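Structure assessment
Spelled out, the chains give:
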Amino acid sequence: MKFAIQVNEGPYQHQAADTAYQFAKAAIENGHEIMRVFFYHDGVNNASRFTLPPQDDRHVVNNWASLDIKDADGEPELVVCVAAALRRGMLDESEATKNSIEGNNLHPAFRISGLGQLIEAGIQSDRLVVFGD
Amino acid sequence: MATKKFMYLNRRSSFGTVYAIESLEVVLIAAAFEQDVSLAFMDDGVYQIVEGQETDGIGMKNFSKTFHALGDYDINKLYVSKESLEERGLSESDLMPLVYEDEDDDWEEKPSIRVVTNDELKAIMSEQDVCLSF
């Protein structure tokens with residue numbers, strides 16, 4: 001089955017991101033496709049490459065990256081909502097440059113795009129599964 | 001592009017958390033995709049469409065007026081839980097008079113809000129292809 005996933009909560013504060021990751025991992029291991037994971041609300045914080053949990057804890061951001069979810073052209077399908085990201089200080093290089101801000105924090109396994117990508121995922125997938133509080 | 005039935009389920013009040021306004025942002029984008037869109041309001045979500053919201057005192061954007069624009073985007077199915085209204089001492093007359101113009105009926109102005117029981121809402125939800133919960 002072709003799944004799309006929406007993640008509405010940030011890492012560490014809520015379990016939603018961990019549960020979504022476990023679901024995605026199990027789905028892939030069982031031969032299903034995760035066509036896109038869309039990060040919305042505080043979920044955008046799952047994409048920060050500055051995340052540094054203690055060594056004895058799971059690394060939520062690296063867990064996402066390890067799933068290696070990409071499209072046929074090798075583009076990341078871990079998609080962060082641009083409007084939600086910018087208002088929370090989550091920037092890739094392009095957005096940082098555009099807004100004259102030094103530095104950027106988006107992990108390279110993710111990409112920033114618009115809300116249309118969420119609707120498109122709902123249309124193209126067999127199931128859209130929402131993980132939130 | 002295939003047409004699916006999308007429902008946006010709103011369960012939180014307008015302010016206090018960001019879910020309501022960011023849900024409305026998704027709905028407005030969704031309007032461009034020509035899908036069959038409906039909204040549902042239950043639990044504290046019914047507060048999102050209460051008439052007379054005033055935000056000057058809390059420094060937040062009053063986005064409640066945006067709901068009036070939904071009719072122009074062909075989004076005219078706003079289901080509201082009867083039980084959730086009653087639990088909060090609210091009735092349909094406390095809600096914004098949201099309307100749309102029905103192109104199949106000589107552009108007559110009709111109400112977008114449909115108060116339904118939770119049982120009816122359950123049946124409507126089960127007909128959806130995609131249900132996004134906020």
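Below or above, wherever it landed, is the structure these notes cover. Since the model is a prediction, treat every value here as computed from it, not as a measurement. (Residues numbered from 1 in each chain as written. Chains lettered and ligands numbered in written order. Predicted model: local features only at pLDDT ≥ 70, side-chain atom pairs only at ≥ 80, totals over all residues.)

Some words on the interface of chain A and chain B
Stated precisely, the cut-off is as follows: In this description, any two residues whose backbone-derived C-beta atoms lie within 7 Å of each other are considered to be in contact. The numbering of helices and of strands both runs from the N terminus, where a helix is a DSSP run of H or I of at least 4 residues and a strand a run of E of at least 2.
Listed by partner, the interface residues are 14 residues for chain A and 16 residues for chain B. Mapped onto the side of chain A that touches chain B, the elements with two or more residues apiece are α3 (82-86), α5 (116-124) and β5 (127-131) of chain A. For the side of chain A that touches chain B, the leading source of residues is α5(A), giving five residues.

Some words on the sheet that holds strand β3 (residues 78-81) of chain B
All names here are of chain B. The cut-off we apply is this: Two strands are counted as paired when DSSP detects at least two bridges linking them. With axes taken as lines fitted to C-alpha atoms, and helix axes fitted only over the stretch in contact, angles between N-to-C directions fall between 0 and 180 degrees.
Strand order in this open sheet of five strands is β6-β3-β2-β1-β7, and the pairing throughout is parallel. With partners counted over all chains shown, the strands left at the sheet margins are β6 (113-116) and β7 (130-133), one partner each. Going from strand to strand, the sheet's axes swing by 25° on average, the running direction of each strand aside. Sheet analysis places strand β1 (residues 5-10) next to strand β2 (residues 36-41), joined by six bridges and oriented parallel. The partner of L9 across the bridge, within β2, is A40. Strands β1, β2 and β7 of the sheet are contacted by helix α1 (residues 19-30), whose axis makes an angle of about 165° with β1.

Structural notes on unusual backbone geometry
All names here are of chain B. Keep this limit in mind: Remark: C-beta atoms are placed from the backbone, and a residue is labelled buried if 20 or more other C-beta atoms sit within 10 Å of its own, exposed if 12 or fewer do, or partly exposed between those counts.
Even without a glycine there, the phi angle at D106 is positive, about 55°. Looking at the secondary structure, you find D106 in the loop between β4 (99-102) and β5 (108-111). Of the residues examined, D106 has 7 C-beta atoms within 10 Å and is grouped as exposed. In this structure, W107 takes a positive phi of about 55° despite not being glycine. On the basis of neighbour counts, which here come to 10 C-beta atoms within 10 Å, the residue W107 falls in the exposed class.

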